[in-house]
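# Commentary on secondary and tertiary structure
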Amino acid sequence: MHYLAYISFIFIFMQLFNALLNFIFRERIRNTDNTCNEHISVLIPARNEEKNIGHLLANLQALQKTGTEIIVFDDQSDDNTVEIIKKVTEPDREIHLIQSDGLPAGWLGKNHACYKLAQQAKGDYFLFIDADVRLYETIIHDTVAYLKKHHLGLVSVFPVQIQKTIGEKASVPVMNYILLTLLPLIFVRTSPFVSHSAANGQFMLFDAKVYKKLQPHRTFKSSPVEDIAISRYYKKEKIKIACLTGESRIKCRMYNNYQEALNGFSKNVFMFFGNKPVLAFLFWIFCSLGFIPVIYTVQNYMFIYPGIIILLQILVSVTSRQNPVYNILLFPVQLMFLLHIMVKSLIIKKNKKYSWKNRSVYS
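Now for a quick tour of the structure. Here the residue index of a chain counts from 1 through its sequence in written order. Per-residue local features of the predicted model are confined to residues with pLDDT of at least 70, and side-chain atom pairs are confined, for both listing and counting, to 80 or more; whole-chain, interface and lining totals are unaffected and use all residues. Heavy atoms from the whole structure form the basis of all side-chain values; hydrogens and water molecules are not counted.

### With respect to the overall build of the protein chain
From N to C terminus, the protein chain includes 17 helices and 10 strands. Each radius of gyration reported is based on C-alpha atoms, and the globular scaling rule is 2.2 Å times the count of residues to the power 0.38. The C-alpha atoms of the protein chain give a radius of gyration of 21 Å, which matches the 21 Å a tight globule of 363 residues would have. Projected onto its principal axes, the C-alpha positions of the protein chain cover 70 × 45 × 40 Å. Taking all 363 residues of the protein chain together, the buried fraction comes to 56%. What makes two residues a contact is simply this: any of their non-hydrogen atoms within 4.5 Å. Sequence separation of 24 or more characterises 82% of the internal contacts of the protein chain that already satisfy a separation of 6 or more. We treat Lys and Arg as the positive residues and Asp and Glu as the negative residues; His and chain ends play no part in the count. A charge is said to be at NZ when it belongs to Lys, at CZ for Arg, at CG for Asp and at CD for Glu. Averaging the coordinates of the 41 positive side-chain charges in the protein chain and doing the same for the 27 negative ones gives two points 8 Å apart. To qualify as a helix, a DSSP run of H or I must reach at least 4 residues; to qualify as a strand, a run of E must reach at least 2; elements of each kind are numbered from the N terminus. Relative accessibility decides the category of a residue: with a 1.4 Å probe and only protein chains considered, values under 20% of the type maximum give buried, values over 50% give exposed, and everything between is partly exposed.

### What about the packing of aromatic side chains?
When the centres of two rings from Phe, Tyr and Trp lie within 6.5 Å, Trp using its six-membered ring, the rings pair. Their planes under 30 degrees apart give stacked, over 60 give edge-to-face, and anything left gives tilted. Evaluation of the coordinates by the stated rule reveals 19 aromatic pairs. Centroid distance Phe-128 to Phe-206: 5.6 Å. Interplanar angle 85 degrees. Geometry classified as edge-to-face. With a gap of 78 residues between them, Phe-128 in strand β4 (residues 125-129) and Phe-206 in strand β7 (residues 203-207) connect regions that are remote in the sequence. With a relative accessible area of 0%, Phe-206 lands in the buried category. For the pair Tyr-255 and Phe-265, a centre-to-centre distance of 5.4 Å together with 75 degrees between the ring planes defines the contact as edge-to-face. With a gap of 10 residues between them, Tyr-255 in the loop between β8 (241-252) and α12 (258-265) and Phe-265 in helix α12 connect regions that are remote in the sequence.

### Regarding a nonpolar patch on the surface
By definition, no residue in a patch forms a salt bridge, and every one has over 30% relative accessible area; like charges are joined within 9 Å, nonpolar side chains (Val, Leu, Ile, Met, Phe, Trp, Tyr) within 5 Å. Computed with the Shrake-Rupley method and a 1.4 Å probe, the accessible areas treat only the protein chains shown as cover for residues. We count a salt bridge whenever a side-chain nitrogen from Lys or Arg sits within 4 Å of a carboxyl oxygen from Asp or Glu. There is a patch of nonpolar side chains on the surface, built from Val-278, Leu-279, Leu-282, Ile-285, Leu-289, Phe-291, Ile-292, Ile-295 and Tyr-296 and spanning about 810 Å² of accessible area. Secondary-structure elements contributing two or more residues to the nonpolar patch are α13 (277-289) and α14 (291-297). For the nonpolar patch, the element with the most residues is α13, which contributes 5 residues. Residue Val-278 is classed as exposed on the basis of its relative accessible area of 61%.

### Examining the side chain of Ser-8
Tracing the sequence through the fold places Ser-8 in helix α1 (residues 2-24). Excluding residues that lie within four positions of it along the chain, Ser-8 makes contacts with Phe-286, Gly-290, Pro-293, Val-294 and Tyr-305.

### Focus on the pairing of β4
The element β4 is largely enclosed, with a buried count of 5 among its 5 residues. Burial of the side chains of β4 extends over both faces: Tyr-125, Leu-127 and Ile-129 are buried on one face and Phe-126 and Phe-128 on the other. Where strand β1 (residues 40-46) and β4 come together, 4 bridges link them in parallel fashion. In the sheet register, Leu-43 faces β4, and the bridge partner there is Phe-128. Pairing between two strands is assigned when DSSP locates at least 2 bridges connecting them. Pairing of β4 with β7, which is carried by 5 bridges, proceeds in the antiparallel orientation. Of the residues in β7, the one forming a bridge with Phe-126 is Phe-206.

### Describing the pattern of salt bridges
A complete count under the given rule lists 6 salt bridges for this structure. Arg-189 is the salt-bridge partner of Glu-27, the closest N and O atoms lying 3.1 Å from each other. Remark: Arg-189 occurs in helix α8 (residues 186-190) and Glu-27 occurs in the loop between α1 and β1; sequence separation between them is 162 residues. Neither Glu-27 nor Arg-189 differs from the other in exposure class; each is buried. The shortest N-O distance in the salt bridge between Glu-38 and Lys-148 comes to 3.1 Å. Here Lys-148 lies in helix α5 (residues 139-149) and Glu-38 lies in the loop between α1 and β1, a separation of 110 residues in the sequence. For Glu-38, a relative accessible area of 22% translates into the label partly exposed. Salt bridges linked by common partners bring Asp-142, Glu-247 and Arg-249 together as one network.

### Some points on the packing of α1 against helix α15 (residues 304-320)
For the pair α1 and α15, the least separation of the axes is 9 Å and the interaxial angle reads 25 degrees. If you check the angle between α1 and α15, you find them roughly parallel. Our pair here, α1 against α15, has a crossing hand that is left-handed. The residues of α15 that touch α1, namely those facing Ser-8, Phe-9, Ile-12, Phe-13, Gln-15, Leu-16, Ala-19, Leu-20, Asn-22 and Phe-23, are Ile-304, Tyr-305, Ile-308, Ile-309, Leu-311, Leu-312, Leu-315, Val-316, Val-318 and Thr-319. The nonpolar class holds Ala, Val, Leu, Ile, Met, Phe, Trp, Tyr, Cys and Pro. Asp, Glu, Lys and Arg form the charged class, and all remaining residues, Gly among them, are polar. By residue class, the composition of the contact of α1 with α15 is 16 nonpolar, 4 polar and no charged. Angles here are taken between N-to-C directions and fall from 0 to 180 degrees, while the axes themselves are lines fitted to C-alpha atoms, restricted in helices to the stretch in contact. Oblique is the label for any angle not covered by the other classes, which are roughly parallel (under 35 degrees), roughly antiparallel (over 145) and roughly perpendicular (65 to 115). Each crossing gets its hand from how the near helix is turned against the far one by less than a right angle, where anticlockwise is left-handed and clockwise is right-handed.

Fair warning: the whole summary comes from geometry, so function is off the table for now.
Okay, here's the thing in structure tokens:
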């Protein structure tokens, strides 16, 4: 039992060390106050996005758009997505609609949509965003300035997550908790190791020249977690990348309830652990049950353990601009959610069956 207690302390101190690094070295994209002279393509893959696409396009129209083109790819939507886009594109010549003529064999829908968008884009930089993302002020041009300053081929950002329901607050923060307690994001930009890679498909800005050379969405045309695969590919090819979180001018409401979050996260949760389920379950065991050997073996110091857990939640919450009070109070529920998605993900991997937006991801 002493042995397990020591391992539990080592594990939680490792988490604390990573969370502290992410807090201390957290990067924000600075407001440059300068108009970007580069041509930027904002590229939006959309399938059954009638609830989001109109709001996103209105949001983009309100931004500073100098040198910016906006292209939406309708990926065979069977709702009112196309009608909504057309209402916006007809009076606005800077917004263009492309419609899919079918999904080729061997491709996943979003990967194919991004590839087709890139083929039509004319910009010096390609910004891929999801339809549920909202951008504010001069964030597009400022992100380009950040990319140029650090000589990067890719910048990806985890948006500030909008959470309104208890179901969202009990589920969505798990993503940032895993990320920020396992990987110092500053290493994504400064470390040469491929293992120090991360990206989020909700917001990915590419240098167009590098993108055209490597064709990442075509390279990973069948990957259900193409964002992480692309980040590792770029690192392997010695292309510098960066991944940030907590940027207040990039926001997203990923899911509206617990069930939506469960379905969404279950397709890619193991990629946070190098696609190794064993590591994922070990992470959960020590996060959830690590206090048990501590209570039985080091009772004089067991108060330190819950104190570190609270400090972890504060650091992760502040770094990612979430509410620390909710995350502290709901942490046990969040851990149960993590177990839920891991079990469901195992079932998906075993059965090779998963549907997203009325389309099969695995076959």
